[in-house]
Amino acid sequence: MNSPHHQDIEWDASGPHREREARLHAPALTQTMDWLRDLLRTNGGGHTPIHRILDIGSGPGVVTCLLAHAFPDAEIIAADRSPDILERVRSRAEAQGMADRVHTQLMEHPGEFDSLGSADLIWSRHGVRHIGDQEAALHSLAASLRHGGLLAVAESGLPPRFLPRDIGMGRPGLQARLDAAAEDAFAEMRDRLPGSAQTVEDWPTMLARAGLIPSGTRSFFTDLPSPLGMSAREYLHTRLSRLRDRLGDRLDPEDRATLECLMDRDAHTGILGRPDAFYLAAATVHTARSCRTGVQPRLSIPTGG
Ligand SMILES: C[S@@+](CC[C@H](N)C(=O)[O-])C[C@H]1O[C@@H](n2cnc3c(N)ncnc32)[C@H](O)[C@@H]1O
């Protein structure tokens, strides 16, 4: 059921949903790209040309194409384990007239980053979390950075909220319970990944342990107040139905019934019709630079106390 092959089928099927999600976050992602450009520009006080960018676990390429817009002189390599997802990247790049600069690479084995070549910027949004040994992945990505280059991982933040605490049906606090169930399911998914290794997910420290110099962490907000537009509502409808499929067994019958009501396309209490639905999310991006000297910094990792 949860073999790598099964996961590929899931990723392929989730392509349109991922596209909608990334489009919803596009303004925040564009702000993120502006920040990364500033970080790279101020690196060493001069202008560092960005020739090559890797997007690790690119998904269908909405963010890959935003990267291509933000860095118009760069070649972008979208790397993903799903061939169908990479096909979507190529179609999108073609449609946006960027097929000459946006290339794809299939990652057949987790963590085989050496084959991607070196880069000035390595970006990964919700990609490293799907690799069993996240620390080893960061080490390997750090080794692919050119001197002065930047590794940026968007791996933490806050889960989206889109409903009031009390929605007038079921027990108040549904979203908090969905988040808790999603955390448990995520932890089990991570346990099943090949080479799964536990680590304290302190991203700046992990980046430092990979031999990089942390260069800043920032959070970017997507804040869409009610009433939501139809495209955001459709995204939430799919999100809820995916949550029901993934987490249904972990929820009590009352919460499952409430989820069904929220997915009713015709009811005014459904997510498509409710006036109180909003969308608020925070994405945190951690960055670190490669050492210009090539000397690995000595780091003392706090052990507590
Ligand atoms: C949550 S999606 C994120 C997509 C994209 N980065 C975005 O921001 O929309 C995770 C992606 O990582 C890919 N993936 C999962 N495990 C991978 C691995 N070991 N190597 C490369 N890609 C992987 C999946 O196929 C999927 O497209």
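Scroll up for the structure.
Attention in this report is confined to the structure presented alongside it. (Residues numbered from 1 in each chain as written. Predicted model: local features only at pLDDT ≥ 70, side-chain atom pairs only at ≥ 80, totals over all residues. Heavy atoms only, no water.)

## Regarding unusual backbone geometry
Omega for the peptide link from S226 to P227 comes to -5°, which places this bond in the cis form. Of note, the phi angle at H126 is positive, near 55°, even though the residue is not glycine. Mapping H126 onto the fold places it in the loop between strand 4 (119-125) and helix 6 (134-143). Residue H126 is classed as partly exposed on the basis of its relative accessible area, which comes to 28%. (Helix = DSSP H or I, 4+ residues; strand = E, 2+ residues; numbered from the N terminus. Buried < 20%, exposed > 50% of the residue type's maximum accessible area, 1.4 Å probe, protein only.)

## Comments concerning the sheet that holds strand 6 (residues 213-224)
Read across the open sheet, the seven strands follow the order 3-2-1-4-5-7-6; overall the sheet is mixed. With partners counted over all chains shown, the strands left at the sheet margins are strand 3 (102-106) and strand 6, one partner each. Each adjacent strand pair in this sheet contributes to an overall mean axis angle of 20°, direction not counted. Here helix 5 (residues 83-95) sits on the sheet in contact with strand 2 (75-80) and strand 3, set at roughly 175° to strand 3. (Pairing = 2+ DSSP bridges. Axes fitted to C-alpha atoms, helices over the stretch in contact; angles between N-to-C directions. Contact = heavy atoms within 4.5 Å.)

## As for the packing of helix 2 (residues 15-24) against helix 9 (residues 230-247)
To describe two helices that pack against each other, one gives the angle between their axes and the distance between the axes. Close contact between helix 2 and helix 9 brings their axes to 10 Å; oriented N to C, the two are set at 130°. By the angle class used here, helix 2 and helix 9 are oblique. Seen along the crossing, helix 2 lies across helix 9 with a hand that is left-handed. Across from H17, R18, R20, E21 and L24 in helix 2, the residues of helix 9 making contact are S231, A232, E234, Y235, T238, R239 and R242. Split by residue class, the contact of helix 2 with helix 9 holds three nonpolar, three polar and six charged. (Parallel < 35°, antiparallel > 145°, perpendicular 65-115°, else oblique. Left-handed = near helix turned anticlockwise from the far one by under 90°. Nonpolar A, V, L, I, M, F, W, Y, C, P; charged D, E, K, R; others polar.)

## Some details on the pattern of salt bridges
In total, this model carries 18 salt bridges according to the counting rule given. Note that D255 and R177 form a salt bridge whose closest N and O atoms lie 2.6 Å from each other. Of the two residues, D255 sits in helix 10 (residues 253-263) while R177 sits in helix 7 (residues 174-192), which places them 78 residues apart along the sequence. Beyond isolated ion pairs, a larger network of salt bridges with shared partners links E19, R88 and R92. (Salt bridge = Lys/Arg side-chain N within 4 Å of Asp/Glu carboxyl O.)

## A few points about the nonpolar core
Ranked by size, the top nonpolar core spans 34 residues in total, and within it L36, I53, L67, F71, L121 and W123 carry the most contacts. Sorting the residues of this core by element identifies helix 3 (26-41), helix 4 (62-70), strand 2, helix 5, strand 4 and strand 5 (145-161) as the ones contributing at least two each. Considering each element in turn, this core owes the most residues, eight residues, to helix 3. For I53, the contacting residues outside a window of four places in its chain are L67, F71, A74, E75, I76, I77, A119 and L121. Counting 26 residues, the second largest nonpolar core, distinct from the first, contains F162, L163, L262 and M263. (Core = buried A, V, L, I, M, F, W, Y, C linked by side-chain atoms within 4.5 Å.)

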